[in-house]
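Single-letter residue listing:
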Amino acid sequence: DAGITQSPRHKVTETGTPVTLRCHQTENHRYMYWYRQDPGHGLRLIHYSYGVKDTDKGEVSDGYSVSRSKTEDFLLTLESATSSQTSVYFCAIKPDRETYEQYFGPGTRLTVT
Amino acid sequence: QQQVKQSPQSLIVQKGGISIINCAYENTAFDYFPWYQQFPGKGPALLIAIRPDVSEKKEGRFTISFNKSAKQFSLHIMDSQPGDSATYFCAASKREFKLSFGAGTTVTVRA
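Residues numbered from 1 in each chain as written. Chains lettered and ligands numbered in written order. Predicted model: local features only at pLDDT ≥ 70, side-chain atom pairs only at ≥ 80, totals over all residues. Heavy atoms only, no water.

(A) Molecular detail of the overall build of chain A. Along the backbone of chain A there are 0 helices and 11 strands. Traced from its N-terminal end to its C-terminal end, chain A shows the element sequence β-β-β-β-β-β-β-β-β-β-β. With the principal axes as the frame, chain A shows a C-alpha extent of 40 × 30 × 25 Å. Buried residues in chain A amount to 49% of all 113 residues. Counting only contacts in chain A whose residues sit at least 6 apart along the sequence, the fraction spanning at least 24 positions is 55%. (Helix = DSSP H or I, 4+ residues; strand = E, 2+ residues; numbered from the N terminus. Buried < 20%, exposed > 50% of the residue type's maximum accessible area, 1.4 Å probe, protein only. Contact = heavy atoms within 4.5 Å.)

Encoded structure:
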């Protein structure tokens, strides 16, 4: 898993509650990404980071925010979870601008009831 | 809308057969085309990738064929084995960070 851990691995929460997912990497990679995976949609980019405190939106960013205060951690927050945010969330890393390859973590399964 | 279209949604192949998955894209700025393999409960794992300056890349039993003029690329799994049963995703990107994924193909290899 390219030195990537995600926590928690499973979470069940209620509609309207805030949720934060954590991605932690040990290799000092510059780029980090959050994707969600849903049947029939593949993986869709939520947000990404190209350095500490440098983040940008992906294609499905509504309802999500991110923060990166140190190189090794990238946090994804659902301010007020909705049932449509039930999904499997994957973090990925890319070492630097010149590298094309992205490597994925093990995922977090989130259920919003 | 999905920038990379993948087909079929699922396929079943006999052990020893060939699995073929196809992808098509529209954005001619894409310059990197990877394939990921995912087993249930795991994250996607990079399997093989190609750049548009070559028409084919082979790694073991896995081959990518790339047709730049048709804006299509495909994954061939030769001598398919039960351990190849997984979901396969094609993707495409410009170097600037963002991968666009296909919807995925579930491959089942029957022994």
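Having seen the structure, we can now continue with the description.
(B) Local environment of the nonpolar core. Residues and elements named next belong to chain B. In terms of nonpolar packing, the biggest core is built from 24 residues, with Val-4, Ile-21, Phe-33, Trp-35, Phe-73, Leu-75 and Tyr-88 touching the most fellow members. Where this core is concerned, the elements lending two or more residues are strand E2 (10–14), strand E3 (19–25), strand E4 (33–38), strand E5 (45–50), strand E7 (62–67), strand E8 (72–77), strand E9 (86–93) and strand E11 (105–110). The element contributing the most residues to this core is E9, with 4 residues. (Core = buried A, V, L, I, M, F, W, Y, C linked by side-chain atoms within 4.5 Å.)

(C) Focus on the pairing of E5 of chain B. Residues and elements named next belong to chain B. Across 5 bridges, the pairing between E4 and E5 is antiparallel. Counted as the bridge partner of Pro-34 is Ala-49 from E5. Between the antiparallel neighbours E4 and E5 lie 6 residues, among them Gly-41 with a positive phi of about 80°. (Pairing = 2+ DSSP bridges.)

(D) Examining unusual backbone geometry more closely. All names here are of chain A. For the bond from Ser-7 to Pro-8, the omega torsion is -10°, close enough to zero to count as cis. Position of Pro-8 among the secondary structure elements: in the loop between strand E1 (4–7) and strand E2 (10–13). Its identity is not glycine, yet Asn-28 carries a phi of approximately 65°, on the positive side. Relative to the elements of secondary structure, Asn-28 occurs in the loop between strand E3 (19–25) and strand E4 (31–38).

(E) Focus on the layout of surface pockets. Roughly 580 Å³ of volume is contained in the largest pocket. For the largest pocket, the lining is made up of 28 residues, of which Gln-37 and Arg-109 of chain A together with Gln-38, Thr-87 and Phe-89 of chain B are closest to its centre. Partitioning the lining of the largest pocket into residue classes produces 9 nonpolar, 15 polar and 4 charged. (1 Å grid on protein atoms, 1.4 Å probe; cavity = no way out; pocket = protein on both sides within 12 Å on 5 of 7 lines; lining within 4 Å. Points joined across faces, edges and corners; volume = space filled by probe spheres on them. Nonpolar A, V, L, I, M, F, W, Y, C, P; charged D, E, K, R; others polar.)

(F) Representation of the pattern of salt bridges. Evaluated as defined, the whole model comprises 7 salt bridges over all chains. Of the charged contacts, one joins Lys-70 of chain A and Asp-73 of chain A as a salt bridge, the two residues approaching to 3.5 Å between their closest N and O atoms. The exposure class assigned to Lys-70 of chain A is partly exposed, which follows from its relative accessible area of 41%. Where Arg-61 of chain B meets Asp-84 of chain B, a salt bridge forms, and the shortest distance between an N and an O atom there is 2.7 Å. Residue Arg-61 of chain B is located in the loop between strand E6 (56–59) and E7, and its partner Asp-84 of chain B is located in the loop between E8 and E9; the two are separated by 23 residues in the primary sequence. Assessed through its relative accessible area of 26%, Arg-61 of chain B is described here as partly exposed. When its relative accessible area of 5% is taken as the criterion, Asp-84 of chain B is described as buried. (Salt bridge = Lys/Arg side-chain N within 4 Å of Asp/Glu carboxyl O.)

(G) How the structure looks around the interface of chain A and chain B. On the chain B side, the residues contacting the 22 residues of chain A number 20 residues. When the buried area of chain A at its contact with chain B is split by residue, Leu-43, Arg-97 and Tyr-100 of chain A rank highest and sum to 34% of it. Connecting chain A to chain B are 0 salt bridges. Taken together, the elements giving at least two residues each to the side of chain A that touches chain B come down to E4, strand E5 (42–51), strand E9 (87–94) and strand E10 (103–104) of chain A. (Buried area = accessible area lost by both parts, 1.4 Å probe.)

(H) How the structure looks around the packing of aromatic side chains. Inspection of every chain in the model, using the stated rule, returns 19 aromatic pairs over all chains. For the pair Tyr-25 of chain B and Phe-33 of chain B, a centre-to-centre distance of 4.9 Å together with 45° between the ring planes defines the contact as tilted. Of the two residues examined, Tyr-25 of chain B and Phe-33 of chain B, each falls in the buried class. Taking 6.4 Å as the distance between ring centres and 85° as the angle between the ring planes, the aromatic pair formed by Phe-89 of chain B and Phe-101 of chain B counts as edge-to-face. With Phe-89 of chain B in strand E9 and Phe-101 of chain B in strand E10 (residues 99–101), the pair connects residues that are 12 residues apart, well separated along the chain. Exposure remark for Phe-89 of chain B: the relative accessible area of 3% places this residue in the buried category. Residue Phe-101 of chain B is classed as buried on the basis of its relative accessible area, which comes to 4%. Site record: aromatic cluster; members linked through ring pairs are Tyr-33, Tyr-35, Tyr-48, Tyr-50 and Phe-104 of chain A together with Tyr-36, Phe-89 and Phe-101 of chain B. Over the aromatic face of Tyr-31 of chain A sits the side chain of Lys-94 of chain A, whose NZ or CZ is 4.5 Å from the ring centroid. (Phe/Tyr/Trp six-rings, centres within 6.5 Å; stacked < 30°, edge-to-face > 60°. Lys NZ or Arg CZ within 6 Å of the ring centre and 35° of its normal.)

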